[in-house]
Amino acid sequence: MTATQEPTTGQEIGRDRRRKEDQRLITGRTRWTDNITLPGMLHLAMVRSPFPHARITGINIEAARQATNVVAVYTGADLGEAQGACINAWPVTTDQVTPPHVPMPTDRVAFAGETVAVVVARSAAEARDAAELVEVDYEELPAALDLKEAAAAHETGGALAHPDLGTNVTAVWKFDSAEAGTGGDVEQAISEARANGIVIEREYRQQRLIPAFMEPRSVVVDPTGEQITIWSATQIPHILRFALAATTGVPESKIRVIAPDVGGGFGGKLQQTPEEMIAFAVARRLGKPVKFTETRSESLLTAHHGRDQWQRLTLAATKEGKVTGLKVDLLADLGAYVAIVGGGVPVLGAFMFNAIYKFPAYQFQTTNVLTNKTWTDAYRGAGRPEATYAIERLMDELAAELGKDPLEVREMNWIKHEEFPFTTVAGLEYDSGNYEAATARAREMFGYDELRAEQAERRARGDKVQLGIGVSTFTEMCGLAPSRVLGQLNYGAGGWEHAEVRMLPTGKVEVVTGASAHGQGHETAFSQIVADRLGVPFDDVEILHGDTQISHKGLDTYGSRSLVVGGEALVRAADKVIEKAKPIAAHLLEASADDLEFNGGRFTVRGTDQGMAITEIATAVFAAHNLPDGVEASLDSEATYDPVNFNYPHGTHLCAAEVDTETGQVKLRKYVCCDDIGVVINPLIVAGQVHGGLVQGIAQALWEEAVYDENGTLVTGSFVDYLLPTAADTISFEIDHTTSPSTTNSLGTKGVGEAGTIASTPAVVNAIVDALRPLGVNDVAMPCTPERVWRAINEGSAGGETTGAAAPHFDPSTGMSGTVDRAEGDVQ
């Protein structure tokens, strides 16, 4: 897609605009946290445990204290309560078992990489050198590393991640459509399908992933002013300020948090990190500015991870392919601690396993489990990629069992466009959508029928390179809100967002938003929205964000909420500006306010050419020489918006993959997607979001996996072993959009930041399995490396057979699992 720079005035929404942010980003004029240098600033290095679970029996810091230019060395005992605590904002059940998360523990470590001491020196290099001189004595303890074993440890006597808790199960959260009154009894649906239809059982593995953002985490703390100022590479400056104040006792008014330019996050920077808390405590202790910037290896080891689930699924359907029930049983690995969202991630997914399909009955249960590994939390999509992967894999399995085209089976079961708004079996109301239109467009772009014909020819010839076609028709809930729903789910915060629009005397506009960008293009898209609303030039709008002193209220950026929640707050604030300007315009034009119209940035008297620009009114308000009685001399306005519903983008993704049956090598041939994200503000930014999301989702399917060995050591602790794709590893994507405007906000927009990641993983794996299905393969565990694909080809699959046996044991080396129950006497 090529960007075209349009004139600076006129219709902005829907226009390709190069991002305002890019000029400074690509010319090196950024202000990353690690670029910040303050007078007298000291540097920190963390001393980390090499063991996943051990008792700390002694720490000798004397040699480190004597090292060159070392100012201080502290242990957890030295800092005590001043270091605060890392919070869990979402206890998903009232009886959730939550281990205390002290930033620097004093008695026991719970994962490899946990901080046990901090060295303060005059340079980062000297701090790191001295950290190696700290001697820590450990007594190793049994480590809970395997998710399934950890879940059963309280019954089997296995290792406990936190022995004092007596269990590794932190919470069990369940949804049942029969109990909730949103659908029927799933057990009855399954029983009836066993007798008269089809029951498909599968077990899938969502491997552990690492967000791997471009800029490592960094924090600078300056305690020398009236306030303590923190610069942090964070997605959540407002939430971080609250957490610091709530756990350290420092008044919130005395804390200022700034998120300067932030180099990506993908959910990986929505954490209140132990390193931020330690830096805060050390700076206060010494009364001097301090900085900590993690190395890449530290980032991969200790920044929170994502995914990591076992999914056991049962789908019931009629012999014709109509779905009748879905049962989901998850094991979710939370790692060593329950993170800020943590156990809520699988709960978010609970509402999306039914996806775009009209399931009459549904049951979901997640068992959240503690292990002695880095804790997990939200990673691009947060629960929804996991859910989409499971249901889209199952729909392909159902199509294969029926001998029908995967698109035909999906269309048979999805919500029709005329049925919106539609209340799902999970209790959500989808406001708008048109799955038929998105699928038809994707199918056309893909050349679906032609590729199916080529596939049949290759199979008939017995080619060694087989062609597979993967389908993924997804939806997601995004715009994390509304507050009332979050409250019902026991979430600790709200879902609103705040904005302020200021009309300056010169006619320029300042916009303050509580959303905090880290690569999304907020400054550009928000400028387009406000420019359109107020009728001012795009270049005359300045966006201010990421500083709690400037933006005093906000709930920050995650969950594809910035546009659909933050953007709507901007619209409402801008509309208030217009309403405040209207009586002033009427007074200056000597007309009735009822006779005024506002369009294109001007108030005009209806039926005349008499008018006045809103920028002129801003100047008049500043002078305040001739204002109506009782009207204040300000147009500045603010708004807080709390949605009444989530937001539901959707789309159809199609992938063609070539699989070498002799080597297991997978090569993507073609990838197209047609997403419906409502009204598009900036097509160029949307294209970037979709392309980036696609690569991350495809990477889960083919390359990425965080692997621990039997000793609890992360063996993928660098980019040598943790495989991130480069441009050379991917292909060009073809993208398009259909438009079903959202009815939950005035712009008609839907989220887009996570769509590509959510949809692409099952599309790729479905393509691989589709290529290999004639060879008896019905699954390959992710990532689908050549070795795993080769093993699947050579070992075959137990899945897909007509049998009433229980689902067999899952072999992670091949990804083989699953059974199909078909009623006796059925002939396919």
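The structure we're discussing is the one just above.
Worth saying up front: this structure is predicted, and the values here are computed from it rather than measured.

Participant: Please set out the overall build of the protein chain residue by residue, giving values where relevant.
Facilitator: Across its full length, the protein chain carries 23 helices and 29 strands. On C-alpha atoms alone, the protein chain measures out to a radius of gyration of 28 Å, which is about the 28 Å that the 2.2 N^0.38 rule sets for 828 residues. In terms of principal-axis extent, the alpha carbons of the protein chain reach across some 90 × 80 × 50 Å. Residue pairs in contact within the protein chain that sit at least 24 positions apart in sequence constitute 78% of those at least 6 positions apart. Surface exposure of the protein chain reaches about 29500 Å², of which carbon and sulfur atoms provide 49%. Side chains of the protein chain carry 70 positive and 111 negative charges; the gap between the two charge centres is 2 Å.

Participant: Please set out the side chain of E705 residue by residue, giving values where relevant.
Facilitator: Along the chain, the position of E705 falls in the loop between helix 21 (683-702) and strand 28 (734-738). Side-chain polar atoms of E705 contact the side chain of R788, separated by 3.4 Å. Here E705 is in contact with Q207, R208, L209, T716, Y722, M782, P783 and R788, once residues within four sequence places are set aside.

Participant: Mind laying out the sheet that holds strand 24 (residues 611-613), listing which residues take part and the relevant values?
Facilitator: Strand pairing in a sheet takes place through backbone hydrogen bonds and is either antiparallel or parallel in direction. The sheet built from 3 strands is open, its strands ordered 22-23-24 with antiparallel pairing. At either end of the open sheet lies a strand with only one pairing partner, and these are strand 22 (596-599) and strand 24. Each adjacent strand pair in this sheet contributes to an overall mean axis angle of 20 degrees, direction not counted. Bridge analysis of strand 22 against strand 23 (residues 602-605) gives 4 bridges, and the strand direction is antiparallel. By the bridge assignment, L596 is partnered in strand 23 with V605.

Participant: Help me get a handle on the side chain of E12, residues and values and all.
Facilitator: Turning to its location among the elements, E12 is positioned in the segment before helix 1 (22-26). E12 sits in the buried class, given a relative accessible area of 0%. Only 2.7 Å separates the side chain of E12 from the side chain of R17, close enough to count as a polar contact.

Participant: Please provide a residue-by-residue account of the sheet that holds strand 25 (residues 637-641), values included.
Facilitator: The strand order 21-20-19-25 describes an open sheet built from 4 strands, whose pairing is mixed. Only two strands of the sheet have a single neighbouring strand rather than two, namely strand 21 (541-544) and strand 25. Strand-to-strand twist in this sheet, taken as the mean axis angle between neighbours without regard to direction, amounts to 20 degrees. Pairing of strand 19 (residues 497-503) with strand 20 (residues 509-513), which is carried by 5 bridges, proceeds in the antiparallel orientation. Residue pairing in the sheet places M503 in a bridge with V509 of strand 20. The sheet strands contacting helix 19 (residues 562-589) are strand 19, strand 20 and strand 25, and the helix crosses strand 25 at an angle near 145 degrees.

Cut-off values and rules
- Residues numbered from 1 in each chain as written.
- Predicted model: local features only at pLDDT ≥ 70, side-chain atom pairs only at ≥ 80, totals over all residues.
- Heavy atoms only, no water.
- Helix = DSSP H or I, 4+ residues; strand = E, 2+ residues; numbered from the N terminus.
- Rg over C-alpha atoms; globule rule 2.2 N^0.38 Å.
- Contact = heavy atoms within 4.5 Å.
- Areas by Shrake-Rupley, 256 points an atom, 1.4 Å probe, with all protein chains shown as cover.
- Lys, Arg positive; Asp, Glu negative; His and termini not counted.
- Charge placed at Lys NZ, Arg CZ, Asp CG, Glu CD.
- Polar contact = N/O pair within 3.5 Å; in protein donor to acceptor, adjacent residues only side chain to side chain.
- Pairing = 2+ DSSP bridges.
- Axes fitted to C-alpha atoms, helices over the stretch in contact; angles between N-to-C directions.
- Buried < 20%, exposed > 50% of the residue type's maximum accessible area, 1.4 Å probe, protein only.

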